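Residues per chain are reported as follows:
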4 protein chains.
Amino acid sequence: MVVVMQSGASGEQIQHVIDRLVACGFDVHRSTGESHTVIGAVGVHPDFDPRDIELLDGVREVVRITQPYKLASRAFRPEGTIVNLGKGVKVGGAELVVAAGPCAVESKGQIDSVAESVARLGAKVLRGGAFKPRSSPYTFQGLGEEGLKLMRVAADRNALLVVTEVMDPSQLSLILDYADVLQVGARNMQNYHLLRALGEVRKPVLLKRGMSATIEELLLSAEYIMSGGNYDVILCERGIRTFETATRNTLDIAAIPVIKKLSHLPIFADPSHGTGRRDKVVPMARAAVAAGADGLLIEVHPDPEHALSDGAQSLFPDQFGKLMGELRIIAPAVGRRMA
Amino acid sequence: MVVVMQSGASGEQIQHVIDRLVACGFDVHRSTGESHTVIGAVGVHPDFDPRDIELLDGVREVVRITQPYKLASRAFRPEGTIVNLGKGVKVGGAELVVAAGPCAVESKGQIDSVAESVARLGAKVLRGGAFKPRSSPYTFQGLGEEGLKLMRVAADRNALLVVTEVMDPSQLSLILDYADVLQVGARNMQNYHLLRALGEVRKPVLLKRGMSATIEELLLSAEYIMSGGNYDVILCERGIRTFETATRNTLDIAAIPVIKKLSHLPIFADPSHGTGRRDKVVPMARAAVAAGADGLLIEVHPDPEHALSDGAQSLFPDQFGKLMGELRIIAPAVGRRMA
Amino acid sequence: MVVVMQSGASGEQIQHVIDRLVACGFDVHRSTGESHTVIGAVGVHPDFDPRDIELLDGVREVVRITQPYKLASRAFRPEGTIVNLGKGVKVGGAELVVAAGPCAVESKGQIDSVAESVARLGAKVLRGGAFKPRSSPYTFQGLGEEGLKLMRVAADRNALLVVTEVMDPSQLSLILDYADVLQVGARNMQNYHLLRALGEVRKPVLLKRGMSATIEELLLSAEYIMSGGNYDVILCERGIRTFETATRNTLDIAAIPVIKKLSHLPIFADPSHGTGRRDKVVPMARAAVAAGADGLLIEVHPDPEHALSDGAQSLFPDQFGKLMGELRIIAPAVGRRMA
Amino acid sequence: MVVVMQSGASGEQIQHVIDRLVACGFDVHRSTGESHTVIGAVGVHPDFDPRDIELLDGVREVVRITQPYKLASRAFRPEGTIVNLGKGVKVGGAELVVAAGPCAVESKGQIDSVAESVARLGAKVLRGGAFKPRSSPYTFQGLGEEGLKLMRVAADRNALLVVTEVMDPSQLSLILDYADVLQVGARNMQNYHLLRALGEVRKPVLLKRGMSATIEELLLSAEYIMSGGNYDVILCERGIRTFETATRNTLDIAAIPVIKKLSHLPIFADPSHGTGRRDKVVPMARAAVAAGADGLLIEVHPDPEHALSDGAQSLFPDQFGKLMGELRIIAPAVGRRMA
């Protein structure tokens, strides 16, 4: 941290700042220039609030120079992390990994049909929700454990892995029985109860970026999970809220190369939630891969027009197949391959 | 809902849209103009996803014309709602109500001191957090039930009411024993498990706007609580995330008159979280009252420089006193008074 | 336009709205439902301000259903527009067109070197600025006409076309002598004096999206140029301002497929300004092409570390060459080819 | 500027950074800590682009510690600036100054009527536009010089000053003949040709914040004018673009106290453009004053329903009168008075 004093700051004001920093446990060195005194404070105190110094008399600015995350930073593992999902599927290496499936598991017929389609077309992971709290209390809320069972059976029959969302620590033991990867939704990105619980399990976590979260905040949430001992975190860009309303969210494709530089963790993109409309999913899926994403999360439904939720952003199986063909063309441009 | 067809839409395409709408339960009337066919669909189907129609062939645009909330709308109670907090304190009427106190309850000495100060200076409600999940697992996480007890005692001694945050349905029965008003934090604005639980209690709820939530989404969350039978909801503007970084968030003061027009529910402002810095809290508190807010939520700490959390945005008691004096001047300009 | 009246609106209020609409020249039809009266107003009155109706007593909402642009809309030319730049280079067809060059023309040596490199590597258009108003009045402001001359000579020698920015109608006749394509910068997207002047010339215009402009506003600015008679407009996505600060702007890649659906005009992307940093330019250029862009605008400099402006976002020639190779792999995935 | 090297940076990389900084004219001092080397660079080089250093090998982060503006900073004139508009009207002192009038001057009758009303109700300055470039080329474009004349006559008859917008340096000499204060519109905030021209005149400038401009960028534009020798700059907050669409823009009221701390320049608010709707103008005007604004810019029209532009955001004269009465109550709360 660097504290820049105002040009007219008094000796007393400077000393007060130094005393506060020392009291907080920092090593302090002072540098007096022609117009400003600059105070450097060295040490890692993750909970220190720089605003406490900013408000002291004579202070012009406080600049944080240490990244507040460590385990999630690229420096921690310069070579990058490969997350092993099981059954030979690895995220973060040369292979592009696609997870596909419906927004919600609706019935045995539906999930069996999707699983068969997406497996045949090259997906390695089946996605689907079992718990769907909705804005109206009168509508479909998911099949619960029954949905998890159906998804597991459908996945196993097609040699797929399972990713599904966990919303609350209380659901965790149940979901661990059925899922290979635990998804954290955008609204829970800063649910610290949940993140703490996930730090203690030993299955990979797919952590979605919140709609108004900065990239740094996403990495801080990953750090939270990792500090609990679970290093198998996959990040996921799914769109941020901006003034543009032509798409539901603005998929921040640049977050992919930014995260690749800042962190060693793999990064997925979710163009289904990122755009909210089927006809935009395919171009944005291609864009994410071209920008260097390690994988994709795509909603596919055998009959999107009758889906119980989010049908508008679900691909028809044949659209998904066409997309997979296009991704096979693009992958080599970014040094990737698809199974 | 109004569906505007493309100018070249075929009769078949038009019929397909009509069939879908009828199948969804809408009353449909068709209006054929010179260049466009426009289809009106009447009925309330809260879970209907307009995107399902938007994606049909021949459709140019779908326009929703019914507000998706009803209980929270101004039309439901044109005269406005007055929420009775108890002990004669009413929110939404002529009296401006100020809730003040520390971010977190830290000790008996601290909460007693704050309670005495803010009561003497005109606050009617004591605010304070007992559960503080923080971004670092190693730091102060709140005193839990002990904090609730201390707050209750301090409030009672000074004839104050208590508002405190509930984060999870599992905390609810405990917090109900101590609090007069239940606060929903910005990150939980769309936590439907929690909103449902709050719909079933019979104490007022203070619902904070999420950092990236539109005003409509805030009203939808209020609707969710109200649909459970609890009509005593107080809304709270606390800042949205924008590109400007000079303040932690951008306090959307205009949300106050906007909500006054759209809804009958009272609205508070929280300038402490909305700005993140003590020196901006006072002017923004004045601005919120001048714009018509029914009340304020203000962080006050007897010794902000040593606060265990958010000291930078907490006022010193004498700053709070000065602010209350300024608010007494402003209140008559908006037809309000302070006790 | 559809006017939704409040549920309790009086007959008098409804009649007042109808009278105002008729006075404004609309054909009006009224539809009375169980709870609401809805008034449809048909006609195109581009300057009508819907807020004038919104503020009348008894009105709940006014919904515009006609797109405010016509010449720029997809319906105007469903087959899409191909803009002929000259020398056989066509934008909007099967060929992906890349414009490359320095931010500013600095010297004969510099522009000759860049032109030779980018032509050899597959660019068809040379970009470069001759007028560079800068935030400091003491710094390099561009070479002016001398810069235009140098660029023209360098382009001709390498069989390239020239695109350069025009900032003011007063510069137009000069720039027309040297340039093949006239660029409108993001800050001038709504400079109507300039747009009007460009409507009268008969050379293609490359119109950049403003940093806080919606896609609709971009299309309205294109409409403005087209209404003057110049239909050769190429749009360009170059990043919008959002809360995320890890990149200079957020390149809105989804704008590409959105515009493809709404408009017949070709669309470029400018990943150099969209990200502001060299190491992000390459992945975002690939992403834009994968999402369906018709072309790219890329900053290339023979010695970026000593560029007089924007060196940080300029590619080294060999990086540009590598990028072109990657684009050659990606292009067939979107039905494109590169020369 | 502080350059933070990566923890594993080599001696060679560090030396390369130092060499570049020295070559750019900075005084450099190096500080080697346990984990990082930190390099301080002292000196003012406004055109230096920190990204050039950020991209060097081994660099983790570059932190700018000098504000890029100087003349506009609070330190330059800690006591604050009072801008004398003439006729005894001073902005930035104890008196709150209100400028009011129509969006556009439409006719002698209109401007005479408004001028008489607003003068009687306490405004000191008449606002009005003579040049109105509009999004449609077929609509009212302002009365031009005739409008300026009418405004001057109406103002003089009522002892008002005149503020009007200048859009282009070519209009300047004409407008200087009629206006007391020159307004720069939000879209021109970074029009450097115009800012340079205004630096050379000796009349006060009212500089509006761009819709997507940060507060720092606003101050940089003020600096640009001041560096030309014209120190009489009044800033004006008029709303920023955010995801919230309930109001046309989000009026950033917090910008007022933020600017008061960063700069010595006075600051106005424009609630008419900041909200876009008449019924929101009054509460936001009160809020701006309560937050510490030095003055207001308010649209008033004798017959808003028939205004040729922006009628929806114009107050009726009696609404303006009521607002002035409310401001008289609020002003003492912020140590102000109204004439």
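My aim in this report is to walk through the structure given alongside it, one point at a time. Bear in mind that the values here come from a model prediction, so they are computed numbers and not experimental data. (Residues numbered from 1 in each chain as written. Chains lettered and ligands numbered in written order. Predicted model: local features only at pLDDT ≥ 70, side-chain atom pairs only at ≥ 80, totals over all residues. Heavy atoms only, no water.)

1. Structural notes on the interface of chain D and chain A
And then number 1: In this complex, chain D contributes 15 residues to the contact, which on the side of chain A involves 15 residues.
And then number 2: Note on chain D versus chain A: buried area summed over both sides is about 1,400 Å², and carbon and sulfur give 61% of it.
And then number 3: For the pair chain D and chain A, the number of links is zero salt bridges.
And then number 4: At the junction of chain D with chain A, the criterion picks out zero residue pairs in polar contact (both at pLDDT 80 or more).
And then number 5: At the level of secondary structure, the elements contributing two or more residues to the side of chain D that touches chain A comprise strand E1 (2–5), strand E2 (27–32) and strand E4 (59–63) of chain D.
And then number 6: Broken down by element, the side of chain D that touches chain A gets its largest block of residues, three residues, from E4(D).
And then number 7: Its residues assigned to classes, the side of chain D that touches chain A shows six nonpolar, five polar and four charged. (Contact = heavy atoms within 4.5 Å. Buried area = accessible area lost by both parts, 1.4 Å probe. Salt bridge = Lys/Arg side-chain N within 4 Å of Asp/Glu carboxyl O. Polar contact = N/O pair within 3.5 Å; in protein donor to acceptor, adjacent residues only side chain to side chain. Helix = DSSP H or I, 4+ residues; strand = E, 2+ residues; numbered from the N terminus. Nonpolar A, V, L, I, M, F, W, Y, C, P; charged D, E, K, R; others polar.)

2. Considerations on the packing of aromatic side chains
All names here are of chain A.
And then number 1: Using the criterion set out here, one finds eight aromatic pairs over all chains in the structure.
And then number 2: Considering the side-chain rings of Tyr192 and Tyr224, the 4.9 Å spacing of their centres and the 40 degrees angle between planes classify their relative orientation as tilted. Residue Tyr192 is located in helix H6 (residues 192–199), and its partner Tyr224 is located in helix H7 (residues 215–227); the two are separated by 32 residues in the primary sequence. As far as burial versus exposure is concerned, Tyr192 and Tyr224 are alike and both buried. (Phe/Tyr/Trp six-rings, centres within 6.5 Å; stacked < 30°, edge-to-face > 60°. Buried < 20%, exposed > 50% of the residue type's maximum accessible area, 1.4 Å probe, protein only.)

3. Here's the deal with the environment of Arg30(A)
Residues and elements named next belong to chain A.
And then number 1: Considering the arrangement of structural elements, one finds Arg30 in strand E2 (residues 27–32).
And then number 2: Owing to a relative accessible area of 44%, Arg30 belongs among the partly exposed residues under this scheme.
And then number 3: Between the alpha carbons of Arg30 and Ile18 there is a distance of 8.5 Å; along the sequence they are twelve residues apart.
And then number 4: Those residues in contact with Arg30, other than ones at most four positions away along the chain, are Ile14, Ile18, Thr37 and Val38.

4. Thoughts on the interface of chain B and chain D
And then number 1: With 36 residues of chain B in contact, the opposing surface of chain D contributes 36 residues.
And then number 2: Buried surface at the junction of chain B and chain D, summed over both partners, amounts to about 2,800 Å²; 72% is from carbon and sulfur atoms.
And then number 3: Of all residues in chain B, Phe243(B), Glu244(B) and Ala333(B) bury the most surface against chain D, accounting for 20% of the area lost on that side.
And then number 4: We note a salt bridge from Lys261(D) to Asp279(B), for which the minimum N-O separation is 3.5 Å.
And then number 5: Contributions of two or more residues to the side of chain B that touches chain D are made by helix H8 (255–262), helix H10 (278–290) and helix H11 (317–330) of chain B.
And then number 6: Ranked by residue count, the leading element in the side of chain B that touches chain D is H10(B), at seven residues.

5. A look at the packing of H10(B) against helix H8 (residues 255–262) of chain D
And then number 1: At a minimum axis separation of 9 Å, H10(B) and H8(D) run at an interaxial angle of 135 degrees. With respect to H8(D), the element H10(B) is oriented oblique. For the pair H10(B) and H8(D), the sense of crossing is right-handed. Contacts from Asp279(B), Lys280(B), Pro283(B) and Met284(B) of H10(B) reach H8(D) at Pro257(D), Val258(D) and Lys261(D).
And then number 2: Looking at the contact of H10(B) with H8(D) residue by residue, the classes come out as four nonpolar, no polar and three charged. (Axes fitted to C-alpha atoms, helices over the stretch in contact; angles between N-to-C directions. Parallel < 35°, antiparallel > 145°, perpendicular 65-115°, else oblique. Left-handed = near helix turned anticlockwise from the far one by under 90°.)

6. Here we look at the sheet that holds strand E9 (residues 161–165) of chain D
Residue and element names in this part refer to chain D.
And then number 1: Around the barrel, which closes on itself, the eight strands sit in the order E7-E8-E9-E10-E11-E12-E13-E14 with parallel pairing between neighbours. Averaged over all pairs of adjacent strands, the angle between their axes in this sheet comes to 25 degrees, without regard to strand direction.
And then number 2: Where strand E7 (residues 97–101) and strand E14 (residues 295–299) come together, five bridges link them in parallel fashion. Along E14, the bridge assignment pairs Ala100 with Ile298.
And then number 3: The strands that helix H6 (residues 192–200) touches are strand E10 (181–184) and strand E11 (205–208); relative to E10, the one it contacts most, it runs at about 165 degrees.
And then number 4: Strand contacts of helix H10 (residues 278–290): strand E13 (267–269) and E14, with the helix running at about 170 degrees to E14, the strand carrying the most contacts. (Pairing = 2+ DSSP bridges.)

7. Notes on the relation of the copies chain D and chain A
And then number 1: Each copy superposes on the other: chain D lies on chain A with an RMSD of 0.1 Å after a rotation of 180 degrees and an axial shift of 0.0 Å. Expressed as an axis order, the relation between the two copies is that of a two-fold axis. If distances are taken from each C-alpha of chain D to the rotation axis, the shortest is found for Phe243(D), at 2.0 Å.
And then number 2: When the interface residues of chain D are mapped onto chain A, 100% of them are again interface residues, pointing to one common binding face. (Least-squares fit on C-alpha atoms with pLDDT ≥ 70 in both.)

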